[in-house]
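Notes for the structure review
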Amino acid sequence: AQSVAQPEDQVNVAEGNPLTVKCTYSVSGNPYLFWYVQYPNRGLQFLLKYITGDNLVKGSYGFEAEFNKSQTSFHLKKPSALVSDSALYFCAVRDEYRYGKFYFGSGTKLNVKP
Amino acid sequence: NAGVTQTPKFQVLKTGQSMTLQCAQDMNHNSMYWYRQDPGMGLRLIYYSASEGTTDKGEVPNGYNVSRLNKREFSLRLESAAPSQTSVYFCASTTSGIRIGEQFFGPGTRLTVL
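Residue positions within a chain follow its written sequence, with the count starting from 1. Lettering for chains starts from A, numbering for ligands starts from 1, and both go in the order in which the items are written. Given that the model is predicted, a residue must reach a pLDDT of at least 70 before its local features are reported, and side-chain atom pairs must reach 80 or more before they are shown or counted; all residues, however, enter totals for whole chains, interfaces and linings. Neither water nor hydrogens contribute to the side-chain values; these are computed over all heavy atoms in the structure.

1. Focus on the nonpolar core
Keep this limit in mind: We call a set of buried residues a nonpolar core when its members are Ala, Val, Leu, Ile, Met, Phe, Trp, Tyr or Cys and they connect through side-chain atoms within 4.5 Å of each other. Partly exposed describes any residue whose relative accessible area lies between the buried limit of under 20% and the exposed limit of over 50%, with all areas from a 1.4 Å probe on protein chains only and scaled to the type maximum. The secondary structure listing takes helices from DSSP runs of H or I that are at least 4 residues long and strands from runs of E that are at least 2 residues long, numbered from the N terminus. In what follows, residue pairs with any heavy atoms lying within 4.5 Å of each other are defined as contacts.
Core analysis: the largest hydrophobic core is formed by 26 residues, its most contacted members being A:Trp35, A:Leu47, A:Leu48, A:Phe74, A:Leu76 and A:Tyr89. Looking at this core, the elements with two or more residues in it are strand S2 (10-14), strand S3 (19-21), strand S5 (32-38), strand S6 (44-50), strand S8 (64-68), strand S9 (73-78), strand S10 (87-94) and strand S12 (108-113) of chain A. No other element matches the four residues that S10(A) contributes to this core. In contact with A:Leu48, other than residues within four places in its own chain, are A:Leu33, A:Phe34, A:Trp35, A:Val57, A:Lys58, A:Gly59, A:Phe63, A:Glu64, A:Ala65, A:Phe74 and A:Leu76. Counting residues in each nonpolar core, the second largest holds 19 residues, with B:Val4, B:Val66, B:Leu76 and B:Leu111 among its members.

2. A look at the interface of chain B and chain A
The test is simple: By buried area we mean how much accessible surface two parts lose on assembly, using a 1.4 Å probe and totalling the loss over both. By definition here, a salt bridge exists when the distance from a side-chain nitrogen of Lys or Arg to a carboxyl oxygen of Asp or Glu is within 4 Å. Polar contacts here mean pairs of N or O atoms no more than 3.5 Å apart (in protein, one a potential hydrogen donor and the other a potential acceptor; neighbouring residues in sequence count only if both atoms are side-chain atoms). Each residue receives one of three labels: charged for Asp, Glu, Lys and Arg, nonpolar for Ala, Val, Leu, Ile, Met, Phe, Trp, Tyr, Cys and Pro, and polar for the others, Gly being one of them.
Counting from both sides, the interface comprises 24 residues of chain B and, opposite them, 22 residues of chain A. Summed over both partners, the interface of chain B with chain A comes to about 1,800 Å²; 56% of that surface belongs to carbon and sulfur atoms. Here A:Lys49 and B:Glu102 are joined by a salt bridge, their closest N and O atoms 3.1 Å apart. Applying the counting criterion to the chain B and chain A interface returns five residue pairs in polar contact (both at pLDDT 80 or more). With four residues, the top contributor of residues to the side of chain B that touches chain A is strand S4 (residues 31-37) of chain B. Taken together, the residues of the side of chain B that touches chain A sort by class into 10 nonpolar, 10 polar and four charged.

Shown next, in the form of structure tokens:
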């Protein structure tokens, strides 16, 4: 069965410091992995995805994610956090076999303090 | 190009009332989804439609019905609303088939059942 785990409910980081939001996954088949961000009272916005190829994926707003097959992880990173990055972040995996079905993690709240 | 639209944005119901949440997408996507988001629980899939003419249950389908009216529209119906259905509801869509695409989300419907 497919599943995604985000082990941290909340991550706190100072502005200008690097940030990491963790995600591990379990899939049968090829892992198609995604990160989304949600600002208060808004829908989810797509940040980046890993389908195949380079293990370091670059996305919107300066975010990147590193795919690690041996550790079944897909951590979200940014070299220098901004206060405006404060939001709720979701990791998701797409089921290769059941057409288009996505599985989401429980979300991690990122707080960036000035 | 509006993306994914949802109506209404807000709704208050009394226990036992019925209502239909509407969703439409203009991206020619095959697959559409309904999620509910509750605090601390991330996104939970209610129903999805892999393609026009098909619908499948997600992880929390009880108390809901869906209709894939055509390729653009996917509605969610609450036949007899209960306080446990107080939540924020999101519709999403994506491509399916060879191209592995991300999901696009609507702005959400905030539903309160008294």
